[in-house]
Amino acid sequence: MTKRGSAAQLATLLRDAITRLNRRVRQTRPVGDLTVTQLSALTSLELAGALTPRELADTERVQPPTMTRIVAKLEERGLVQRTPHPTDGRQVILAATESGRAVLARFERARDEWLAQRLAELSAEERDTLRRAAEILQKIARG
């Protein structure tokens, strides 16, 4: 087996594992709360600080009418606020509210608790291996 072949096989293995783990972590959320799409939009606003509706739609890779519906639901719950755009009177700026940030923190805690429980089931050696793998994955992501 060549280095290229083994790297390609490893890439497939890692991609599959990361995708499945990400999906499982994303599914871990308080029952009856936000949809995955609403949570993603709220997270994007929190990470960016503030975005126009169009920027948020682009970030989330959805059409503007879809984002309009998502934002309306978040606004109804008091998780997002609109403010006038500082330079373009036709635009608004969207940002997470304090309540929105609290919801995100609750979701993060639920996800961290789920993952911590799974990690606690592993051996110390396996957790150490994952700690090193996490550092390497962060390096790859930055590169």
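Computed from a predicted model, the values in this text were never measured in an experiment.

**Student:** I'm lost on the layout of surface pockets in this one. Help?
**Tutor:** One way to see where empty space is left: roll a probe the size of a water molecule over the atoms. Taken as a whole, the largest pocket holds about 860 Å³ of empty space. Taken together, 22 residues make up the lining of the largest pocket; nearest its centre are Ile18, Leu21, Leu115, Leu130 and Leu137. Those elements that place two or more of their residues in the lining of the largest pocket are helix H1 (3–27), helix H5 (98–120) and helix H6 (124–142). Considering each element in turn, the lining of the largest pocket owes the most residues, 9 residues, to H6. In terms of residue class, the lining of the largest pocket is made up of 14 nonpolar, 3 polar and 5 charged.

**Student:** How do you make sense of a nonpolar patch on the surface when you look at a structure like this?
**Tutor:** The grouping of Leu10, Leu13, Leu14, Ile18, Ile136, Leu137 and Ile140 at the surface amounts to a nonpolar patch, some 630 Å² of accessible area in total. For the nonpolar patch, the elements supplying multiple residues, two or more each, are H1 and H6. Here the nonpolar patch takes 4 residues from H1, the largest share from any one element. Mapping Ile18 onto the fold places it in helix H1.

**Student:** I'm lost on helix H3 (residues 53–60) in this one. Help?
**Tutor:** In an α-helix there are 3.6 residues to a turn, and that puts residues three or four apart on one side. Where H3 is concerned, the buried positions are Leu56, Ala57 and Glu60. Projected down its long axis, H3 carries its buried residues within an arc of 100°, all on one side. Packed against the buried residues of H3 are helix H2 (36–48), helix H4 (64–76) and strand E2 (92–96). At the C-terminal side of H3, Arg61 shows a positive phi close to 60°.

**Student:** Which parts of the structure should I look at to understand the environment of Gly78?
**Tutor:** Tracing the backbone shows Gly78 in the loop between H4 and strand E1 (80–84). A sequence separation of 53 residues divides Gly78 from Arg131, and the C-alpha atoms of the two residues are 38 Å apart. Beyond its immediate stretch of four places on either side in the chain, Gly78 contacts Thr97, Ser99 and Gly100.

**Student:** I keep staring at the packing of H2 against H4 and nothing clicks. Help me out?
**Tutor:** For any two helices packed against each other, one specifies the inter-axial angle together with the distance between the axes. Where H2 meets H4, the axes come as close as 10 Å, and the angle between the chain directions of the two elements is 85°. Classed by the angle they form, the pair H2 and H4 counts as roughly perpendicular. Note on element contacts: H4 touches H2 through Met67, Ile70, Lys73 and Leu74, opposite Thr37, Gln38, Ala41 and Leu42.

Reading guide: rules and limits
Residues numbered from 1 in each chain as written. Predicted model: local features only at pLDDT ≥ 70, side-chain atom pairs only at ≥ 80, totals over all residues. Heavy atoms only, no water. 1 Å grid on protein atoms, 1.4 Å probe; cavity = no way out; pocket = protein on both sides within 12 Å on 5 of 7 lines; lining within 4 Å. Points joined across faces, edges and corners; volume = space filled by probe spheres on them. Helix = DSSP H or I, 4+ residues; strand = E, 2+ residues; numbered from the N terminus. Nonpolar A, V, L, I, M, F, W, Y, C, P; charged D, E, K, R; others polar. Patch = residues over 30% accessible without salt bridge, like charges linked within 9 Å, V, L, I, M, F, W, Y side chains within 5 Å. Areas by Shrake-Rupley, 256 points an atom, 1.4 Å probe, with all protein chains shown as cover. Salt bridge = Lys/Arg side-chain N within 4 Å of Asp/Glu carboxyl O. Buried < 20%, exposed > 50% of the residue type's maximum accessible area, 1.4 Å probe, protein only. Arc of directions from axis to C-beta. Contact = heavy atoms within 4.5 Å. Axes fitted to C-alpha atoms, helices over the stretch in contact; angles between N-to-C directions. Parallel < 35°, antiparallel > 145°, perpendicular 65-115°, else oblique.

Limitation: the analysis is restricted to geometry and does not speak to function.
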